[in-house]
Amino acid sequence: MDSYSTIRNEIVKVGRRLAARELISGSDGNISVRLTEDHIMVTPSGRNKGLLEPLEMVIVDREGSKIKGELEASSELAMHLSVYEARPDVRACVHAHPPYATAFAVAGRELPFDVLPEVVVTVGPIALTEYAPPGTAAVAKSLEVYVNEHNAFLLQNHGLLTVGCDLEEACNRHETVEHCAHILHLADQLGEITSLQAEEVARLSKIRNEAGKRPS
Ligand SMILES: [Zn+2]
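For clarity, every value in this text was computed on a predicted model and none was experimentally measured.

Asker: Is there a simple way to explain the overall build of the chain in this structure?
Answerer: A count of helices and strands for the chain gives seven helices and eight strands. In summary, the chain has a C-alpha radius of gyration of 17 Å against a globular reference of 17 Å for 216 residues, a match within 12%. The dimensions of the chain, computed from C-alpha atoms along their principal axes, are 50 × 35 × 30 Å. Across the 216 residues in the chain, those meeting the buried criterion constitute 47%. Within the chain, residue pairs in contact and separated by at least 24 positions form 65% of the contacts whose partners lie at least 6 positions apart.

In structure tokens:
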């Protein structure tokens, strides 16, 4: 037990939740939480995120140097650190490869946020970033132009990253974006996808902004 045992356990639960919902497979995905101004807890590299143990988490400083942990930090650590550096409001990041959202990313198709009210209220616009090889600094670079204006990022030919004010919000956004992608995939086969009216999107966006859910 250490002072972060609650957060370690929360990350374990989120890993199990992602695996149970088939949003990851093998050793896919990574989860992180900002502990303090300088310290971040992140999942280890190469482990199945549905089978993590609390003490396998790695604590790093904001430059990525390991402070605590037996295992190596996630290979996508640079992506997580770049988000925390740019967004003081973000306290958790979840990255996985959910099949429907990733299918949009593979097809190079934008995932419209203005079709389902809950996506407008809880997530906001969804960025489609340029392809960058997983595990390289180029992933962080590909987020740069979007990071301040979005809470969800489709990483082209790769997967999905969502951020939040805590782990639950980041994880909920992950599930909401995947659910939205699933529904849009089904709706596409039935006919044309109808977006909400612009006034309704504005009204719902106002609710998101008033709830303090950046970006405005
Ligand atoms: Zn990935």
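On we go from here.
Asker: What is the right way to look at the coordination of the zinc ion in this model?
Answerer: Expected angles at a metal are 109.5 degrees for tetrahedral coordination by four donors and either 90 or 180 degrees for octahedral coordination by six donors. Of the protein atoms, only His 95 (NE2), His 97 (NE2) and His 158 (NE2) coordinate the zinc ion, at distances of 2.1 Å. Ordering the donors of the zinc ion by residue number gives the pattern H-x1-H-x60-H. Of the two residues, His 97 is situated in the loop between strand E5 (92-96) and helix H3 (99-107) and His 158 in the loop between strand E7 (152-155) and strand E8 (159-164); the sequence distance between them amounts to 61 residues.

Asker: Explanation requested: the state of the cysteines in the structure shown.
Answerer: What is meant by a disulfide is a covalent connection between two cysteines, made through their sulfur atoms. The tally for this structure, following the rule as stated, stands at zero disulfides. With no disulfide of its own, Cys 93 has Cys 165 as its nearest cysteine by sulfur position, at a separation of 12 Å. For Cys 93, a relative accessible area of 0% corresponds to the buried category. Take Cys 180: it sits in no disulfide, and the sulfur closest to it among the cysteines is that of Cys 171, at 16 Å.

Asker: Just to check I follow, could you spell out unusual backbone geometry for this structure?
Answerer: Glycine aside, the phi torsion of most residues is negative, and most peptide linkages are trans. For Glu 22, which is not glycine, the phi dihedral falls at a positive 60 degrees. When you line up the elements, Glu 22 lands in the loop between helix H1 (5-20) and strand E1 (30-34). With a phi angle near 55 degrees, Asn 157 is a residue other than glycine that sits in the positive phi range. Inspection of the secondary structure assignment puts Asn 157 in the loop between E7 and E8.

Asker: I would appreciate a short explanation of the pattern of salt bridges in the present structure.
Answerer: A side chain of one charge can pair with a side chain of the opposite charge if their charged atoms are brought near each other. Considering all chains together, one arrives at 12 salt bridges under this definition. The partner of Arg 173 in a salt bridge is Glu 169, and the shortest N-O contact between them spans 3.4 Å. Of the two residues, Arg 173 and Glu 169 both sit in helix H6 (residues 167-190), four residues apart, roughly one turn of that helix. The two residues Arg 173 and Glu 169 agree in class, both being buried. The residue Lys 206 makes a salt bridge to Glu 210 at a minimum N-O spacing of 3.5 Å. Placement of both Lys 206 and Glu 210 in helix H7 (residues 198-210) is noted, with a separation of four residues, approximately one turn of the helix. As far as the burial class goes, Lys 206 and Glu 210 line up, both exposed. Beyond isolated ion pairs, a larger network of salt bridges with shared partners links Arg 17, Arg 21 and Glu 175.

Cut-off values and rules
Residues numbered from 1 in each chain as written. Predicted model: local features only at pLDDT ≥ 70, side-chain atom pairs only at ≥ 80, totals over all residues. Heavy atoms only, no water. Helix = DSSP H or I, 4+ residues; strand = E, 2+ residues; numbered from the N terminus. Rg over C-alpha atoms; globule rule 2.2 N^0.38 Å. Buried < 20%, exposed > 50% of the residue type's maximum accessible area, 1.4 Å probe, protein only. Contact = heavy atoms within 4.5 Å. Donors = N, O, S within 2.8 Å, 3.2 Å for Na, K, Ca; no water. Disulfide = S-S within 2.5 Å. Salt bridge = Lys/Arg side-chain N within 4 Å of Asp/Glu carboxyl O.

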